[in-house]
Amino acid sequence: MCSSLKVDQKGRLKIPMTLLTTVKGPVTEFYLTSENGGSVRIYPMHIWKEVEERLERVCLHRGANQKLLARVKYFGQPVTMDKQGRVLIPIVLRETAQMRGAVDVLDYVNYLEVWNHARLMKNLKSTPITAQDEKTLNELSSGPRFPWTMRLNKEEGHVHGKERRFVVHRRVHEDSRSQLSHAVRGARTDPTRRARVA
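Residues numbered from 1 in each chain as written. Predicted model: local features only at pLDDT ≥ 70, side-chain atom pairs only at ≥ 80, totals over all residues. Heavy atoms only, no water.

Turning our attention to the overall build of the chain. Scanning the chain from terminus to terminus reveals five helices and twelve strands. In the chain, which comprises 198 residues, the share counted as buried stands at 32%. Sequence-distant contacts, at least 24 apart, represent 54% of the contacts inside the chain between residues at least 6 apart. (Helix = DSSP H or I, 4+ residues; strand = E, 2+ residues; numbered from the N terminus. Buried < 20%, exposed > 50% of the residue type's maximum accessible area, 1.4 Å probe, protein only. Contact = heavy atoms within 4.5 Å.)

Moving on: the environment of Arg71. Residue placement: Arg71 occurs in helix α2 (residues 66-75). For Arg71, a relative accessible area of 39% corresponds to the partly exposed category. Arg71 sits 36 residues away from Glu35 along the chain, and the two C-alpha atoms are 5.8 Å apart. Discounting chain neighbours no more than four positions away, the residues touching Arg71 are Thr33, Ser34 and Glu35.

Let us look at the nonpolar core. Counting residues in hydrophobic clusters, the biggest one holds 21 residues, and the most contacted among them are Val40, Ile42 and Val87. Listed by contribution, the elements that provide at least two residues to this core are β3 (29-33), β4 (40-44), β7 (101-107) and β8 (112-116). Residues Met45, Trp48, Cys59 and Val72 belong to the second largest nonpolar core, which totals ten residues. (Core = buried A, V, L, I, M, F, W, Y, C linked by side-chain atoms within 4.5 Å.)

With that settled, the discussion passes to the pairing of β8. Most of β8 is tucked away, with five of its five residues classed as buried. Burial along β8 is two-sided: Leu112, Val114 and Asn116 and Glu113 and Trp115, pointing in opposite directions, are all buried. Relative to β8, β4 runs antiparallel, the two sharing three bridges. Note on β8: the bridge partner recorded for Val40 is Val114. Bridge count for β7 against β8 is five bridges, and the pairing is antiparallel. Across the sheet, residue Leu106 finds its bridge partner in β8, namely Glu113. (Pairing = 2+ DSSP bridges.)

Applying the stated rule across the entire model yields five aromatic pairs. Between Tyr43 and Tyr111 the ring centres are 5.1 Å apart and the planes differ by 35°, which places this aromatic pair in the tilted class. Linking Tyr43 in strand β4 with Tyr111 in the loop between β7 and β8, this pair joins segments that are 68 residues apart in sequence. With relative accessibility at 15%, the residue Tyr111 sits in the buried group. (Phe/Tyr/Trp six-rings, centres within 6.5 Å; stacked < 30°, edge-to-face > 60°.)

Let's shift gears to unusual backbone geometry. Note: most residues except glycine have negative phi, and most peptide bonds are trans. Positive phi is not limited to glycine here, since Gln98 has a value of about 55°. Inspection of the secondary structure assignment puts Gln98 in the loop between α3 (91-96) and β7. Given a relative accessible area of 29%, Gln98 falls into the partly exposed group.

A word on the side chain of Ser34. Relative to the elements of secondary structure, Ser34 occurs in the loop between β3 and β4. Looking at Ser34, its side chain comes within polar contact range of the main-chain nitrogen of Asn36, at 3.3 Å. With sequence-adjacent residues up to four places away left out, Ser34 is seen in contact with Ser39, Arg71, Val72, Phe75 and Leu93. (Polar contact = N/O pair within 3.5 Å; in protein donor to acceptor, adjacent residues only side chain to side chain.)

What follows is the structure in structure tokens.
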């Protein structure tokens, strides 16, 4: 999901609660950070604590990850959402990630990632999708295979599955905001073979 929002003049971003669908219960405490200063990651505090603990354990065994830990701590800051549902982006991130005006919010499983709109479009253009990326996406979207339609064998009492494959097509529009849109099409199975649920 990608939503276009704005960071106000004081550096505050209003987070629509629809973007926090993976969070259970009311959340007002967050940790804002970045791995390189180019964008802002917003973690619910309870999720960030788990991430930080795992990262510190990995750093104890592998010194190479120490640089990542140093960066997320340098850019990171705990924040509390205000009554209007806004979080204040730390000054260091407002500067490095150019957090002002129009921004795009990408909704991942455990965090939100906020990009300056112009910077995200530039990043997408400078790192185009490769043939290998397309292959990976097609493999992920077509497997694992599982039944989408069911046929009930009344004599044996078994349910048999029929496979349904998906193909993902990427559409690029003139409008740069639509570059993130994807179309997913699937081959429909014969509706007469669907199981009836009593």
